[in-house]
Amino acid sequence: MPYSLDKLLVIGISSRALFNLEAEEAIFQQQGLDAYRQHQLAHENEILKPGSGFALVKALLKLNQLTPGQRLVEVVIMSRNSSETSLRIFNSIAHYGLDISRAVLAGGASLSSYLQAFNVSLFLSLHEDDVQAAINAGIASALLYQLAENVADLEQIRIAFDGDAVIFSDEAEKIYQSQGIEAFEQHERENAKKPLPEGPFARLLVALSYIQNNFKAPDGRALPLRTALVTARSSPAHERVIRTLRAWNIAIDETFFMGGVNKSAVLAAFKPHMFFDDQHGHCMHASSVVPTGRVPYKQEVL
């Protein structure tokens, strides 16, 4: 029977997100495809350094060690490279011992149309057009920022999320942006008992919660992953968040209602393998201390 990805957490990641290919990208942008091709072939046996998404991928692949004979996670390389120029990527995967065997090598074409074919649950890339197309198609996706230095190599997987426009829909965020904080707080008071609609990362959070509830680390005690909600909300807008997660039957391990305070110090203390936020300003600050991905707003296709 064909191998099925239907019941797995599938991570699609671009080669530039997994490895640091910024020098190579500069060659492509400044000198063209032929110069890029020659460079990759000439440096085929030189191992690439980890990129922005490396720590998260390495950590998530450890989940497959929880249940011998049963995989929980698959990672698919989604690259705009051609097969001719991709050997350096595969050599680097082998060097770091990453359990990755599947790849899409699109030869310069957009990757977004192949995400559903591989049942991708989360897509990470440095190509904004691919990330936007994935979000528009309803797939959790983030544009990664440059790698933060000194990324913690923790045994426990840690992932942090912003709330509005990431886990939850951008309904409340739009009110805040268009009408201000007072209108936002009044709206949330009036709708405190009404669960927030799902955002682009809601289903990913549900999948992670399932793994948390059903699998433990080999020592039988520590949970394999830990989640955090780091949101700019504060009282009185906290109640709707708590009731929404309760309605979804999801328990976030750590929750921070920041009330507009810079999130970077909390994130540095939590040490996530990745933090997802929808605001460029928040992401810029966060990316100086932890790996960070920006979740774009969904664009309606006319």
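Higher on the page you've got the structure.
Treat the numbers as computed from the prediction; the structure is a model and nothing was measured. The written sequence of each chain sets the order in which its residues are numbered from 1. It should be noted that, the model being predicted, local features are given only for residues of pLDDT at least 70 and side-chain atom pairs only at 80 or more, the latter also being counted only at that level, while totals for whole chains, interfaces and linings use all residues. Hydrogens and waters are ignored; side-chain quantities use all the structure's heavy atoms.

The subject of this paragraph is unusual backbone geometry. With glycine set apart, most residues show a phi of negative sign, and most peptide bonds adopt trans. Omega for the peptide link from Ser235 to Pro236 comes to 15°, which places this bond in the cis form. Located in the positive-phi region is Asn119, a residue other than glycine, with phi close to 55°. Helix numbering and strand numbering both begin at the N terminus, where a helix is a DSSP run of H or I of at least 4 residues and a strand a DSSP run of E of at least 2. Mapped onto the elements, Asn119 comes out in the loop between strand E3 (102-105) and strand E4 (122-125). Relative accessible area serves as the criterion here: at 30%, Asn119 is assigned to the partly exposed category. We call a residue buried when its accessible area falls under 20% of the maximum for its residue type, exposed when it is over 50%, and partly exposed in between, using a 1.4 Å probe and counting protein chains only.

Strands pair, by our definition, only if DSSP identifies at least two bridges between them. Read from one edge of the open sheet, 10 strands run E3-E2-E1-E4-E5-E10-E9-E6-E7-E8, paired in mixed fashion. Edge strands, defined here as strands with exactly one partner in the open sheet, are E3 and strand E8 (254-257). The mean angle between the axes of side-by-side strands here comes to 25°, regardless of whether they run parallel or antiparallel. Sheet topology note: the strand E2 (residues 73-79)/E3 ladder contains four bridges and is parallel. Bridge assignment links Met78 to a residue of E3, and that residue is Val104. The convention used is that axes are lines fitted to C-alpha atoms, helices contributing only their stretch in contact, and that angles between N-to-C directions extend from 0 to 180 degrees.

Moving on to helix H4 (residues 54-61). The buried fraction of H4 is high, at seven of eight residues. Those residues of H4 not exposed but buried are Phe54, Ala55, Leu56, Val57, Ala59, Leu60 and Leu61. On its buried face, H4 sits against strand E1 (9-14), helix H1 (15-18), E2, E4, strand E6 (157-161) and strand E9 (274-277). In what follows, residue pairs with any heavy atoms lying within 4.5 Å of each other are defined as contacts.

The aromatic pairing rule takes the rings of Phe, Tyr and Trp, using the six-membered ring of Trp, and pairs them if the centres are within 6.5 Å, calling planes under 30 degrees apart stacked, those over 60 edge-to-face and the rest tilted. Tallying each qualifying case throughout the model produces nine aromatic pairs. Between Phe168 and Trp248 the ring centres are 5.6 Å apart and the planes differ by 50°, which places this aromatic pair in the tilted class. Of the two residues, Phe168 sits in the loop between E6 and helix H7 (171-179) while Trp248 sits in the loop between helix H10 (238-247) and E8, which places them 80 residues apart along the sequence. Among the aromatic residues, ring-to-ring pairing joins Phe19, Phe54 and Tyr96 into one connected group.

Bringing the pattern of salt bridges into the picture now. Salt bridges are defined as contacts in which a side-chain nitrogen from Lys or Arg sits within 4 Å of a carboxyl oxygen from Asp or Glu. Tallied over the entire structure, the rule returns 21 salt bridges. Taking the shortest distance from any N to any O, the salt bridge between Asp99 and Arg71 comes out at 2.7 Å. One end of the pair, Asp99, is in the loop between helix H5 (87-95) and E3; the other, Arg71, is in the loop between H4 and E2, with 28 residues separating them in the sequence. The exposure class of Asp99 is partly exposed, given its relative accessible area of 38%. Between Arg240 and Glu188 there is a salt bridge, with its nearest N and O atoms 3.0 Å apart. Of the two residues, Arg240 sits in helix H10 while Glu188 sits in helix H8 (residues 181-190), which places them 52 residues apart along the sequence. Looking at Glu188, the relative accessible area reads 1%, which means it is buried. Residues joined in a network through salt bridges with shared partners are Asp164, Glu171, Glu188, Arg233 and Arg240.

Before going further, it helps to examine the nonpolar core. Residues belong to a common nonpolar core when they are buried Ala, Val, Leu, Ile, Met, Phe, Trp, Tyr or Cys residues joined through side-chain atoms within 4.5 Å. With 55 residues, the main nonpolar core has Leu18, Phe161, Phe201 and Phe276 as its most contacted residues. Among the elements that take part in this core, H4 stands out by supplying six residues, more than any other. Beyond its immediate sequence surroundings of up to four residues, Phe201 is in contact with Leu122, Ala140, Ser141, Ala142, Phe161, Val166, Ile167, Phe276 and Val295. Counting 14 residues, the second-largest nonpolar core is a separate cluster that includes Val10, Val76, Ala106 and Phe123.

This brings us to the environment of Val131. Mapped onto the fold, Val131 is located in helix H6 (residues 128-136). Considered as a pair, Val131 and Leu33 are 98 residues apart in the sequence and their alpha carbons are 22 Å apart. Aside from chain neighbours lying at most four places away, what touches Val131 is Phe123, Ser125, Ser141, Ala142, Leu143 and Pro296.

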